[in-house]
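A closer look at the structure
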There are 2 protein chains.
Amino acid sequence: MKPTIKDIAGMTGVSVATVSRILNDQRGYSEETKERVEKAIKELGYKPNAVARNLVNRKSHTIGVLIPKLSTSFSAKLLQGIEAAAHQRQYSVLICNTDSNGERTMDYIQLLNEKQVDGVIFASELFTREYCRELLSSGIPAVVVSSVSVHPEVPYIKINDEEAAYAAAAYLIEKGHQNIGMISGTKHDPVAGMPRLRGFQRALKDYRLQFENSQLVFGDFSYSSGYRAIEQLLEKNPYITGVFAASDEMALGVISYCYEKGIRIPDHLSVVGFDDTEIAQMSTPPLTTVHQPIEKMGSAAFAKLASLMNGEEAESSYLPFQIIERGSAKRLS
Amino acid sequence: MKPTIKDIAGMTGVSVATVSRILNDQRGYSEETKERVEKAIKELGYKPNAVARNLVNRKSHTIGVLIPKLSTSFSAKLLQGIEAAAHQRQYSVLICNTDSNGERTMDYIQLLNEKQVDGVIFASELFTREYCRELLSSGIPAVVVSSVSVHPEVPYIKINDEEAAYAAAAYLIEKGHQNIGMISGTKHDPVAGMPRLRGFQRALKDYRLQFENSQLVFGDFSYSSGYRAIEQLLEKNPYITGVFAASDEMALGVISYCYEKGIRIPDHLSVVGFDDTEIAQMSTPPLTTVHQPIEKMGSAAFAKLASLMNGEEAESSYLPFQIIERGSAKRLS
DNA sequence: TTGTATGCGTTATCAC
DNA sequence: GTGATAACGCATACAA
């Protein structure tokens with residue numbers, strides 16, 4: 001069996017209290033006993049039991065991350081940012097793949113509650129009142145990242161999607177494009193769908209361009225939906241010279257479609273994406289897109305959570321986005 | 001404060017033992033008290049404290065995953081598979097980004113040990129004797145995935161890299177290519193570097209093709225290294241008609257390079273990748289590549305770990321790979 | 001069917 | 001400086 005604090009106490013002839021003091025380097029022991037004890041610790045290969053510690057300290061030094069899907073570049077980068085920040089502050093992170101399933105999410109919140117996590121980060125998905133209520137009633141500090149929360153007690157951190165989409169549309173317009181199509185994300189999605197569409201439409205309006213329904217098609221952020229969407233879009237509106245896709249994956253879908261059909265990018269069609277995940281730089285041509293500081297969002301989310309766990313206040317905030325010019329969009333000549 | 005088992009015992013006038021029995025639905029109580037107790041549980045919103053449970057049960061129902069980098073599609077898919085399998089069996093997963101750093105890895109193993117995880121999965125990185133020793137001495141069951149272990153007590157699960165690379169080369173050869181280049185992974189890397197190179201060379205030999213150094217260039221599995229590698233390769237050997245890259249990312253690097261230089265794929269050059277991550281299907285042209293069942297490897301790794309945690313034996317095993325034909329390679333005409 | 005008591009491995013509050 | 005000892009929240013062997 002693993003040695004306990006009691007074993008090393010017995011072995012050195014001191015009390016467990018003293019050993020505990022030495023372990024947590026408090027004061028209350030002579031240099032000599034300290035050495036004896038530390039020697040015994042080495043010999044027995046003693047490791048403190050964090051579970052027992054957590055029980056008495058009432059904190060687990062662990063946070064939970066609720067995320068809809070682990071297998072995307074976006075999630076991966078976000079997790080990377082969260083884990084890095086957490087590890088730096090000695091926190092462990094428990095991952096929970098919600099699969100965008102309400103029941104499963106609720107179960108996970110329960111679980112995290114039972115596991116006594118010190119905080120939770122809710123990522124890239126609609127943060128419902130139900131989730132919010134459950135979290136709040138459990139008393140666990142929480143922050144949402146890449147999505148919004150209406151409750152001030154759980155702040156959020158993200159980019160300003162509407163402004164970002166506005167910028168993307170404006171970019172295309174400034175390049176001389178007048179007939180621009182948009183491939184939106186999921187219809188009615190209040191976090192990444194609607195705002196990006198609104199931004200797009202507002203830009204057209206500000207630049208005194210007409211917006212017609214034939215310019216709009218909905219996808220679901222996925223590659224394949226982008227592929228299908230551009231096909232529809234081109235059918236409805238063959239004269240577009242530029243297209244803004246609400247995700248890089250959808251943008252890649254249009255690039256693939258165009259490649260197959262012999263539509264050259266950016267010569268025949270300019271396309272700008274959204275997210276700037278790894279695939280954006282790897283596509284051919286490389287994708288001009290709206291950069292989200294995903295990893296930074298992750299670490300910033302943890303920082304916010306750390307404040308909360310520290311009993312401080314924390315406010316929602318936006319992180320800056322940026323348009324990265326690569327090769328998929330050009331000035332209309 | 002959160003209600004404890006004691007609170008609900010006091011509230012219903014029964015002992016904590018009875019409450020505990022009801023919670024773990026064992027037997028030893030009347031239907032009537034059960035109802036009373038469950039009512040109190042609802043009212044107080046009582047949730048069992050998993051930390052306390054773990055302490056007495058000596059298991060945490062949690063596993064740790066050591067992984068070199070979270071932000072890649074490969075890691076993401078692997079995690080997805082692991083988490084899914086774990087969740088199904090009521091296990092939570094703690095993620096540990098080792099950053100391919102030895103010290104950090106050792107620290108994490110310590111941490112997982114202290115946190116009393118029931119098992120650990122070590123992923124896609126060289127599993128050193130040092131790690132192995134530490135894990136073994138801690139008594140935590142472990143399995144390595146997408147890498148190898150020489151110790152029978154910690155089994156591994158992966159595809160047969162050498163055979164897979166052999167198949168990739170053979171594929172190209174059967175398509176009529178005689179002068180094939182290879183962009184290998186990191187030099188001397190014993191897990192994904194060397195075996196793939198060996199497989200490639202063995203295929204050439206079996207098909208009685210010459211292998212010369214001018215056909216070989218080393219990258220580090222990354223996109224940018226693939227880009228640089230193809231440039232070098234073409235310089236050393238302008239007559240290759242096909243190239244096998246040891247990772248999809250590197251293959252995308254060659255596709256980008258060729259796109260820029262006007263080298264048409266697959267007309268001028270056939271390329272086959274390795275991994276079949278998401279990017280393979282999204283590239284233009286879509287990438288012909290060696291498919292690794294990454295997600296399945298993750299869930300299989302957990303299954304193996306579950307056996308180990310269950311006190312059973314578990315042996316290393318290979319999962320099948322497969323060549324996915326898409327558009328980046330064609331018969332030489 | 002139910003309750004008492006003990007222990008899980010630590011930390012912390014007292015005394016000495 | 002050091003040592004009992006009582007928590008922490010729960011499970012369980014043993015009684016009743």
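Shown above is the structure to which this text applies.
Residues numbered from 1 in each chain as written. Chains lettered and ligands numbered in written order. Predicted model: local features only at pLDDT ≥ 70, side-chain atom pairs only at ≥ 80, totals over all residues. Heavy atoms only, no water.

Moving on to the interface of chain B and chain A. Interface size, as often reported, equals the accessible area lost upon joining of the parts. Every contact between the two is made by 53 residues of chain B and, on the other side, 54 residues of chain A. Counting the surface lost from both chain B and chain A, the interface buries some 4900 Å², and carbon and sulfur atoms represent 56% of this. On the chain B side of the contact with chain A, V51, M282 and T284 of chain B bury the most area, a combined 13% of that side's loss. At the junction of chain B and chain A, the tally comes to 2 salt bridges. We note a salt bridge from R104 of chain B to E83 of chain A, for which the minimum N-O separation is 3.4 Å. Counting residues per element, the side of chain B that touches chain A draws most heavily on helix α5 (residues 73-88) of chain B, at 7 residues. When grouped by side-chain class, the residues that make up the side of chain B that touches chain A number 23 nonpolar, 20 polar and 10 charged. Summarising the sheet, strand β2 (residues 92-97) of chain A and strand β2 (residues 92-97) of chain B pair through 3 bridges and their orientation is antiparallel. (Contact = heavy atoms within 4.5 Å. Buried area = accessible area lost by both parts, 1.4 Å probe. Salt bridge = Lys/Arg side-chain N within 4 Å of Asp/Glu carboxyl O. Helix = DSSP H or I, 4+ residues; strand = E, 2+ residues; numbered from the N terminus. Nonpolar A, V, L, I, M, F, W, Y, C, P; charged D, E, K, R; others polar. Pairing = 2+ DSSP bridges.)

A few words on the sheet that holds strand β11 (residues 317-319) of chain A. Pairing in this open sheet of 12 strands is mixed, and the strands run β11(A)-β5(A)-β4(A)-β3(A)-β1(A)-β2(A)-β2(B)-β1(B)-β3(B)-β4(B)-β5(B)-β11(B) from one edge to the other. Edge positions in the open sheet fall to β11 of chain A together with β11 (317-319) of chain B, since each of these has one partner strand only. On average, adjacent strands in this sheet sit at an angle of 25 degrees to one another, irrespective of strand direction. Judged from the 4 bridges that link them, strand β3 (residues 119-123) of chain B and strand β4 (residues 142-145) of chain B form a sheet pairing that is parallel. For F122 of chain B, the partnering residue across the bridge sits in β4 of chain B and is V144 of chain B. (Axes fitted to C-alpha atoms, helices over the stretch in contact; angles between N-to-C directions.)

Before going further, it helps to examine the side chain of T284 of chain B. By the secondary structure assignment, T284 of chain B is in the loop between α12 (278-282) and β10 (288-291). Among the polar contacts listed, one links the side chain of T284 of chain B to the side chain of T284 of chain A, at a separation of 2.5 Å. In contact with T284 of chain B, not counting residues within four places along its chain, are I255, S256, Y259 and T284 of chain A together with I255 of chain B. (Polar contact = N/O pair within 3.5 Å; in protein donor to acceptor, adjacent residues only side chain to side chain.)

On a regular strand, one side chain projects to one face of the sheet and the next to the other, so that they alternate. Residue and element names in this part refer to chain A. What you see with strand β4 (residues 142-145) is no split at all: A142 and V144 on one side and V143 and V145 on the other are buried throughout. Handedness of the crossover joining strand β3 (residues 119-123) and β4 through helix α7 (residues 129-138): right-handed. Summarising the sheet, β4 and strand β5 (residues 156-159) pair through 2 bridges and their orientation is parallel. Bridge pairing links V145 to I157 in β5. (Buried < 20%, exposed > 50% of the residue type's maximum accessible area, 1.4 Å probe, protein only. Right-handed = clockwise from strand over helix to strand, strands pointing away.)

Residues and elements named next belong to chain B. Reading across the sheet, the 6 strands line up as β7-β6-β8-β9-β10-β12 and stay open at both edges, with mixed pairing between neighbours. With one partner strand each, in any of the chains shown, β7 (216-218) and β12 (322-324) form the two edges of the open sheet. Each adjacent strand pair in this sheet contributes to an overall mean axis angle of 20 degrees, direction not counted. Pairing analysis gives 3 bridges linking strand β8 (residues 242-245) to strand β9 (residues 270-275), with the strands arranged parallel. Directly across from G242, in β9, lies its bridge partner S270.

Residue and element names in this part refer to chain B. For T241, the position within the fold is in the loop between α10 (223-236) and β8. A distance of 2.6 Å separates polar atoms of two side chains, one belonging to T241 and the other to H177. The contacts of T241, once residues within four sequence positions are left out, are H177, Q178, N179, H268, L269, S270 and L332.

This part is about the environment of F218 of chain A. All names here are of chain A. Its place among the elements puts F218 in strand β7 (residues 216-218). As a C-alpha pair, F218 and F127 span 91 residues in sequence and 22 Å in three-dimensional space. With near-sequence residues (within four places) excluded, F218 lies in contact with S184, G185, T186, K187 and L197.

With an RMSD of 0.1 Å, the operation that places chain B on chain A is a rotation of 180 degrees combined with a shift of 0.1 Å along the axis. The symmetry that links the two subunits is that of a two-fold axis. Minimal C-alpha distance to the rotation axis in chain B is attained by L94 of chain B, lying at 2.3 Å. Both copies present the same face, since 98% of the interface residues in chain B are matched by interface residues at the equivalent positions in chain A. (Least-squares fit on C-alpha atoms with pLDDT ≥ 70 in both.)

Under the defined criterion, the tally for this structure stands at 24 salt bridges over all chains. Between E43 of chain B and K39 of chain B there is a salt bridge, with its nearest N and O atoms 3.8 Å apart. In this pair, E43 of chain B and K39 of chain B both sit in helix α3 (residues 31-44), 4 residues apart, roughly one turn of the helix. E43 of chain B gets classed as exposed once you look at its relative accessible area, which sits at 53%. Since its relative accessible area comes to 55%, K39 of chain B is described here as exposed. Through salt bridges that share partners, E162, E163, R198 and R202 of chain A make up one connected network.

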